[in-house]
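Below are the chains, spelled out letter by letter.
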Amino acid sequence: ETGVTQSPTHLIKTRGQQVTLRCSSQSGHNTVSWYQQALGQGPQFIFQYYREEENGRGNFPPRFSGLQFPNYSSELNVNALELDDSALYLCASSPDGETQYFGPGTRLLVL
Amino acid sequence: KQEVTQIPAALSVPEGENLVLNCSFTDSAIYNLQWFRQDPGKGLTSLLLIQSSQREQTSGRLNASLDKSSGRSTLYIAASQPGDSATYLCAAFHNTDKLIFGTGTRLQVFP
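Residues numbered from 1 in each chain as written. Chains lettered and ligands numbered in written order. Predicted model: local features only at pLDDT ≥ 70, side-chain atom pairs only at ≥ 80, totals over all residues. Heavy atoms only, no water.

(A) Structural context of the overall build of chain B. The helix and strand inventory of chain B stands at 0 helices and 11 strands. Traced from its N-terminal end to its C-terminal end, chain B shows the element sequence β-β-β-β-β-β-β-β-β-β-β. Relative to its length of 111 residues, chain B is compact, with a C-alpha radius of gyration of 13 Å against a globular reference of 13 Å. Projected onto its principal axes, the C-alpha coordinates of chain B cover approximately 40 × 25 × 20 Å. Classification of the 111 residues of chain B by burial places 44% in the buried group. Within chain B, residue pairs in contact and separated by at least 24 positions form 53% of the contacts whose partners lie at least 6 positions apart. When the accessible surface of chain B is split by element, carbon and sulfur atoms take 47% of a total near 5,300 Å². Between the averaged position of the 9 positive side-chain charges in chain B and that of its 9 negative side-chain charges there is a distance of 4 Å. (Helix = DSSP H or I, 4+ residues; strand = E, 2+ residues; numbered from the N terminus. Rg over C-alpha atoms; globule rule 2.2 N^0.38 Å. Buried < 20%, exposed > 50% of the residue type's maximum accessible area, 1.4 Å probe, protein only. Contact = heavy atoms within 4.5 Å. Areas by Shrake-Rupley, 256 points an atom, 1.4 Å probe, with all protein chains shown as cover. Lys, Arg positive; Asp, Glu negative; His and termini not counted. Charge placed at Lys NZ, Arg CZ, Asp CG, Glu CD.)

The structure is reproduced here in structure tokens:
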């Protein structure tokens, strides 16, 4: 158990819709990162938040956005869903910026 | 741009064998190299983290080595067991505060 939880576990949406995924990390973990993992691939970095500010972004369009809250929870929002957005979305929190504790993920299917 | 490659992509071995999983990376300017385990449809479990100043780390039957100059890391699993069956991912951690993952090695250990 990493102490990182994600909700929901599974989600089905249709193309064009919007989705919000949630992550709750341990107290004191000021850094949270989000990753997208397509089937058969390694996770790809979406972005990272540190103390509620975006602290780095991967090669993802602006329709992927995030928020981090003072209570160590965070959100990943995706607008205008596309079929290729179907993937496992992982969040990872860190107390020191290096050691990453991953949640179980949210599996998103876009139809 | 950092690229991480894992060989082999898949491996099937009988129980009891010792095995080596390989990971190579193109940019040696890393902070650390991490190995993760992922069970089907699940999140990531951290196995070993090797700092850039270290050569290897050990945990139980697992040993990971790091050679920054050649851009390689290996994960050695001793006396493999069916419970070791999973996908193993290596990831390079950069000063950009993100993990760059390989595509993984899918391991099956049969009784």
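Back to the text.
(B) Focus on the nonpolar core. In this structure, Val4(B), Leu33(B), Trp35(B), Leu75(B), Ile77(B), Tyr88(B) and Leu107(B) are the most contacted members of the largest nonpolar core, which totals 24 residues. Where this core is concerned, the elements lending two or more residues are strand S3 (19–25), strand S4 (32–38), strand S5 (44–51), strand S7 (62–67), strand S8 (72–77), strand S9 (86–93) and strand S11 (105–110) of chain B. Sequence-distant contacts of Ile77(B), defined by excluding residues within four places in its chain, comprise Glu17(B), Asn18(B), Leu19(B), Arg61(B), Leu62(B), Asp84(B), Tyr88(B) and Leu107(B). The next biggest cluster of nonpolar side chains, apart from the first, holds 19 residues, and it includes Val4(A), Phe64(A), Leu108(A) and Val110(A). (Core = buried A, V, L, I, M, F, W, Y, C linked by side-chain atoms within 4.5 Å.)

(C) Here's a closer look at the interface of chain B and chain A. Opposite the 18 residues of chain B that make contact, chain A presents 19 residues. With both sides pooled, the region where chain B packs onto chain A buries about 1,400 Å², and carbon together with sulfur makes up 52% of that total. Of all residues in chain B, the largest losses of buried area upon contact with chain A belong to Leu44(B), Asp97(B) and Phe101(B), amounting jointly to 29% of the total for that side. Our enumeration of links across chain B and chain A arrives at 0 salt bridges. The set of elements that each furnish at least two residues to the side of chain B that touches chain A consists of S4, S5, S9 and strand S10 (99–101) of chain B. If you tally residues by element for the side of chain B that touches chain A, the top one is S4(B), at 4 residues. Taken together, the residues that form the side of chain B that touches chain A break down as 7 nonpolar, 8 polar and 3 charged. (Buried area = accessible area lost by both parts, 1.4 Å probe. Salt bridge = Lys/Arg side-chain N within 4 Å of Asp/Glu carboxyl O. Nonpolar A, V, L, I, M, F, W, Y, C, P; charged D, E, K, R; others polar.)

(D) The sheet that holds S3(B), seen in detail. Residues and elements named next belong to chain B. Pairing in this open sheet of 5 strands is antiparallel, and the strands run S1-S3-S8-S7-S6 from one edge to the other. Strands with a single pairing partner mark the edges of an open sheet, and in this sheet they are strand S1 (4–7) and strand S6 (56–59). On average, each strand axis in the sheet is inclined to that of its neighbour by 15 degrees, with strand direction left out of account. Both S3 and S8 contribute to a ladder of 6 bridges, which runs antiparallel. (Pairing = 2+ DSSP bridges. Axes fitted to C-alpha atoms, helices over the stretch in contact; angles between N-to-C directions.)

(E) The state of the cysteines, seen in detail. Applying the stated criterion across every chain, the model contains 2 disulfides over all chains. A sulfur-sulfur separation of 1.9 Å characterises the disulfide bridge that pairs Cys23(A) with Cys91(A). Because the sign of the S-S torsion sets the handedness, a value of about 65 degrees for the bond joining Cys23(A) and Cys91(A) places this disulfide among the right-handed ones. Within this pair, whereas Cys23(A) is found in strand S3 (residues 19–24), its partner Cys91(A) is found in strand S9 (residues 87–94), the two being separated by 68 residues in sequence. By the burial criterion, Cys23(A) is buried, and Cys91(A) matches it. With its sulfur 2.0 Å from that of its partner, Cys23(B) forms a disulfide with Cys90(B). Judged by the torsion about the S-S bond (75 degrees), the Cys23(B)/Cys90(B) disulfide is right-handed. (Disulfide = S-S within 2.5 Å.)

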